[in-house]
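Each chain is listed here by its residues.
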Amino acid sequence: MGSNPEAPAPEPAPTHASAQAPAPASSETPSELPTPATPPGREALAAILARPDRAVIALDFDGTLADIVPDPEQARAHPGAVEALAALAPKVASVAVITGRPAGVAVRHGGFAGVPGLDHLVVLGHYGAERWDAVSGTVHAPAPHPGIASVRAELPGVLDRSGSWHGTWIEEKGRAIAVHTRRAADPQAAFEALGGPLGELAARHGLIVEPGRLVLELRPPGMDKGVALAQYVRETDAESVLYAGDDLGDLAAYSAVEKLRTEGPDGIPGLLVCSGSAEVPELAERADLLLAGPGDVVAFLTTLAQQL
């Protein structure tokens, strides 16, 4: 399972953090990995390379493994993503996809079910409220929050009264509801105008609003990607972790990794990867490694699997 844990970690190539990850290469001639820009990032990458069987590789789905598209129902894993994960998963403790989508939807859109090599894959959907694992192929989840049904009934009226009905799009997520503004005449203005009304609607029914890239998601409190990631790292007794994301919802996971770095006498080394940076500079500013988008994330994962 992976390389000899006593073998020294290979030195990454001296590449600026914003450089694109190299294109996938043949297994006979592995590509070079880009070098993280920060000392904690470099330490974490070295730890992953040295002891891959004790590493958790955690990834967002939309914008990280799948390109952002106008209709979220049309989002699919980037070409090569499943192949890269199947090559990587047997060599590490676990690969975890952490997403705001329902776990079953992420599995279907990702094409993760029934893939040889993905036995070590789990999907933590709805920010960790749902869990699918490749071994059983089943989703485990608690009952939905009662406020979701109330918000579902009231949301069309709220959008109509706010003048934001045209161009917005409601995404049903089972345990959450999202309002997208990417199709509006002025997407950013619509996004900003809806913040207040949707915040009030969510608060009336015991929910919170999670902002993203031109999307506002109404969901139950108490779970976020940071909570889900920290719990999973402890569950697997991981000695290192990588988290890759692209959106505001991933900031909680970044904070969890930063906290894990300081826990215990030595902490748990963590590598923060940002997939794209144009729309969410808050994420890019805290990342150890910048990649241009899902294509480069897939190339990076492919190269990482080869290096192991």
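Above this note sits the structure.
Being a predicted model, the structure only gives us computed values, none of them experimental.

Looking only at helices and strands, one finds nine helices and twelve strands in the protein. In summary, the protein has a C-alpha radius of gyration of 19 Å against a globular reference of 19 Å for 308 residues, a match within 12%. With the C-alpha coordinates of the protein rotated into their principal frame, the extents come out at 65 × 40 × 35 Å. Here the protein, with 308 residues, has 51% of them falling under the buried criterion. Here the contacts in the protein between residues at least 6 apart in sequence split such that 67% fall between residues at least 24 apart. Working note: accessible area of the protein is about 12,600 Å², and carbon and sulfur atoms make up 55% of it. One finds the centroid of the 22 positive side-chain charges in the protein at a distance of 5 Å from the centroid of its 39 negative side-chain charges.

This part covers the pattern of salt bridges. Going through the model one piece at a time under the given rule, you end up with 19 salt bridges. Overlapping salt bridges, with partners in common, bring together Arg51, Asp53, Arg54, Asp237 and Glu239 in one network.

Although it is not a glycine, tyrosine 127 adopts a positive phi angle of roughly 60 degrees. Position of tyrosine 127 among the secondary structure elements: in the loop between β3 (121-125) and β4 (130-133). Judged by its relative accessible area of 7%, tyrosine 127 is buried. Positive phi, close to 55 degrees, is recorded for aspartate 237, a residue that is not glycine.

This brings us to the sheet that holds strand β9 (residues 215-219). Spatially, the four strands line up as an open sheet ordered β6-β7-β9-β8, and their pairing is antiparallel. The two strands at the open ends of the sheet, each matched to only one other strand, are β6 (169-172) and β8 (208-211). The mean inter-strand angle of the sheet, taken between neighbouring strand axes irrespective of direction, is 25 degrees. Across four bridges, the pairing between β8 and β9 is antiparallel. Within the sheet, the bridge partner assigned to glutamate 210 lies in β9 and is glutamate 217. Here helix α4 (residues 147-161) sits on the sheet in contact with β6, β7 (177-180) and β9, set at roughly 20 degrees to β7. Where helix α5 (residues 187-204) meets the sheet, it contacts β7, β8 and β9, and its direction lies at approximately 5 degrees from that of β9.

The next point concerns the packing of helix α2 (residues 81-88) against helix α9 (residues 294-307). Packing of α2 against α9 leaves a shortest axis separation of 8 Å and a crossing angle of 25 degrees. For the element pair α2 / α9, the angle class is roughly parallel. In terms of crossing hand, the pair formed by α2 and α9 is left-handed. The segment α2 lies against α9, with Ala81, Ala84, Leu85, Ala87 and Leu88 engaging Val298, Leu301, Thr302, Leu304 and Ala305.

In this section: the pairing of strand β1 (residues 55-59). Most of β1 is tucked away, with five of its five residues classed as buried. With burial as the criterion, each face of β1 is covered, one bearing Ala55, Ile57 and Leu59 and the other bearing Val56 and Ala58. Where β1 and strand β10 (residues 240-245) come together, five bridges link them in parallel fashion. Paired with alanine 58 across the strands is tyrosine 243, a residue of β10. In the sheet, β1 pairs with strand β2 (residues 94-98) via four bridges, with the strands oriented parallel. Pairing of alanine 58 across the sheet is with alanine 96, part of β2. Crossover connection from β1 via α2 to parallel β2: handedness right-handed.

Its 14 residues give α9 an end-to-end C-alpha distance of 20 Å, which sits within 8% of 20 Å, the value for a rise of 1.5 Å per residue. Taken together, the buried positions of α9 are Pro294, Asp296, Val297, Val298, Ala299, Phe300, Leu301, Thr302, Thr303, Leu304, Ala305 and Gln306. Buried residues belonging to α9 abut α1 (39-50), β1, α2, β10, β11 (270-275) and β12 (289-291).

Okay, the packing of aromatic side chains next. Aromatic ring pairs: the centre-centre distance and the angle between the two ring planes describe each pair. By the definition in use, this model includes two aromatic pairs. Ring centres of phenylalanine 61 and phenylalanine 112 lie 6.3 Å apart, and the angle between their planes is 85 degrees; this geometry places the pair in the edge-to-face category. You can see phenylalanine 61 sitting in the loop between β1 and α2 and its partner phenylalanine 112 sitting in the loop between α3 (103-110) and β3, a full 51 residues away along the chain. Ring centres of tyrosine 243 and tyrosine 254 lie 6.4 Å apart, and the angle between their planes is 85 degrees; on these two criteria the pair is classed as edge-to-face.

The strands making up a sheet associate through hydrogen bonds between their backbones, and the pairing can be parallel or antiparallel. Read from one edge to the other, the open sheet built from eight strands follows the order β5-β4-β3-β2-β1-β10-β11-β12, with strand pairing classed as mixed. With partners counted over all chains shown, the strands left at the sheet margins are β5 (139-140) and β12, one partner each. As defined by bridge partners, β2 adjoins β3 across four bridges and the pair is classed as parallel. Considered in β3, the bridge of alanine 96 is made with valine 122.

Rules used in this analysis
Residues numbered from 1 in each chain as written. Predicted model: local features only at pLDDT ≥ 70, side-chain atom pairs only at ≥ 80, totals over all residues. Heavy atoms only, no water. Helix = DSSP H or I, 4+ residues; strand = E, 2+ residues; numbered from the N terminus. Rg over C-alpha atoms; globule rule 2.2 N^0.38 Å. Buried < 20%, exposed > 50% of the residue type's maximum accessible area, 1.4 Å probe, protein only. Contact = heavy atoms within 4.5 Å. Areas by Shrake-Rupley, 256 points an atom, 1.4 Å probe, with all protein chains shown as cover. Lys, Arg positive; Asp, Glu negative; His and termini not counted. Charge placed at Lys NZ, Arg CZ, Asp CG, Glu CD. Salt bridge = Lys/Arg side-chain N within 4 Å of Asp/Glu carboxyl O. Pairing = 2+ DSSP bridges. Axes fitted to C-alpha atoms, helices over the stretch in contact; angles between N-to-C directions. Parallel < 35°, antiparallel > 145°, perpendicular 65-115°, else oblique. Left-handed = near helix turned anticlockwise from the far one by under 90°. Right-handed = clockwise from strand over helix to strand, strands pointing away. Expected span 1.5 Å × (residues − 1). Phe/Tyr/Trp six-rings, centres within 6.5 Å; stacked < 30°, edge-to-face > 60°.

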